[in-house]
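Residues per chain are reported as follows:
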Amino acid sequence: MTEQHPTAPRPMADRHLFRSLRVFNYRLWFFGGLVSNIGTWMQRIAQDWLVLTVLTANNASAVGITMALQFGPQLILLPLTGFAADYFDRRRLIMVSQALQGLLALGLGLLTLSGAITLWQVYAFALALGCVNAFDAPARQVFVNDLVGEKLLSNAVALNSTSFNAARMVGPAVAGLLIAAVGSGWVFVLNAATFAAVLGALALLRVADLTVVARTKGGRSGLTEGFRYVLGRPDLTALMLMLFLIGTFGFNFPVLISTMSVSVFGGDSGQYGFLTSCLAVGSISGALLAARREQPRMRLLLLSTLAFGVCCTMAALAPNVITFALTLMLTGLAALTFMTASNATLQLSTAAEMRGRVMALRIAVTLGGTPIGAPIVGAVADHAGPRWAMGVAATAGLAAAAIAMREMRRRRLSSPPKRS
């Protein structure tokens, strides 16, 4: 091995913002996913609006129950979903789950257009969609590594977040206009059609170029290894606790934004879509900033959760809809910075053969807490007012920041002292 001269320049890291898009497979996945994500956000807005204003009399608790049914399976099915992401061919698993989600969207759309839709039927579709997405989400998260490899993983995760939140910006705004023009039913049907984009992308991938990771072996222990792995890592345990607090009590934006828009600012579906898009504007900014970073650090997780708590407090106190929209942008920036950094941190610090289960646990902790948090936040909005519900989200952010501070202190105390 030749020794590098002390004065020789070090090779510069590739920090090009869109460097992962140079990979053909990821490029197909990115743009196919963008189209599908726009449709998904359109459906979320249409579903929330259908429940809030058509099937109930502005009942925030009903929206919370719908969210609980849609995200609850992430927690209940955790042992199966994480194992499936590690055991089965992820590309084929995603194709099946995406096709099923498209069929469910089509079914909900046709039922709504028929005029026979009822609240319990929306609940049933939300539960079915949650079960399918419970298998889809961890597989999609880990599949990013199959597309680009570990060297580009952090950048690809950030670009995925950019795609998701660009869709969050476009989808709700389009949905608000379509709901007013043609109703929620056609929004569901249009979402069903968008799944053709991601299915087409998956079909066209160069399979030989995918990064092959050894599949985990079956067995009873495979169902609990993810828990044991995380519990044996204090850093991952702290991060999971932060995700639980933020995901359970902070990320109930359909409840928070819809009730603030309707009950506090007296808005219609267009205003609701606009406010959700404002949240996405900040989220995209956070994702793009994350795309330039090579390795996320605990300090970033601390600052982002602290900022989330402060921004939610500002949103709760907003005197008018314009101020509320601006604070939502800042909230989205803080939220996406935390979520992107936590995603990359977990994947980069987890053994390759365990990633599916650990990422399934992450999703379950983040979204599976919704059955607990969404009804609570909805009840607070109904009985104490939407501003107090925003205060619950603020408290969750500040508590997560306290956990990050404790973990940083633990690391400092456990690190060996530097020699003078």
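Keep in mind that what you see is a predicted model, and the values were worked out from it rather than measured.

**With respect to the packing of aromatic side chains**
Tallied over the full model, the rule gives 11 aromatic pairs. An angle of 90° between the planes, with centres 5.1 Å apart, marks the rings of Phe-30 and Phe-31 as edge-to-face. Taking the relative accessible area as the measure of exposure, Phe-30 reaches 10% and is therefore buried. An angle of 15° between the planes, with centres 5.4 Å apart, marks the rings of Phe-83 and Tyr-87 as stacked. One end of the pair, Phe-83, and the other, Tyr-87, are both in helix α4 (residues 78-87), four residues apart, so they sit about a helical turn from each other. Residue Phe-83 is classed as buried on the basis of its relative accessible area, which comes to 13%. Tyr-87 sits in the partly exposed class, given a relative accessible area of 38%.

**Side note on the environment of Arg-410**
One can find Arg-410 in helix α17 (residues 386-414). When the C-alpha positions of Arg-410 and Asp-235 are compared, they lie 9.3 Å apart, and in sequence the two are 175 residues distant. Apart from residues no more than four positions distant in its own chain, Arg-410 is found in contact with Pro-234 and Asp-235.

**What to know about the nonpolar core**
Met-240, Leu-243, Phe-308, Phe-324, Phe-338, Leu-346 and Met-390 are the most contacted members of the largest nonpolar core, which has 77 residues in total. Ranked by residue count, the leading element in this core is helix α14 (residues 321-348), at nine residues. Phe-143, Leu-147, Ala-156 and Val-157 belong to the second largest nonpolar core, which has 23 residues in total.

The rules behind these values
Residues numbered from 1 in each chain as written. Predicted model: local features only at pLDDT ≥ 70, side-chain atom pairs only at ≥ 80, totals over all residues. Heavy atoms only, no water. Phe/Tyr/Trp six-rings, centres within 6.5 Å; stacked < 30°, edge-to-face > 60°. Buried < 20%, exposed > 50% of the residue type's maximum accessible area, 1.4 Å probe, protein only. Helix = DSSP H or I, 4+ residues; strand = E, 2+ residues; numbered from the N terminus. Contact = heavy atoms within 4.5 Å. Core = buried A, V, L, I, M, F, W, Y, C linked by side-chain atoms within 4.5 Å.

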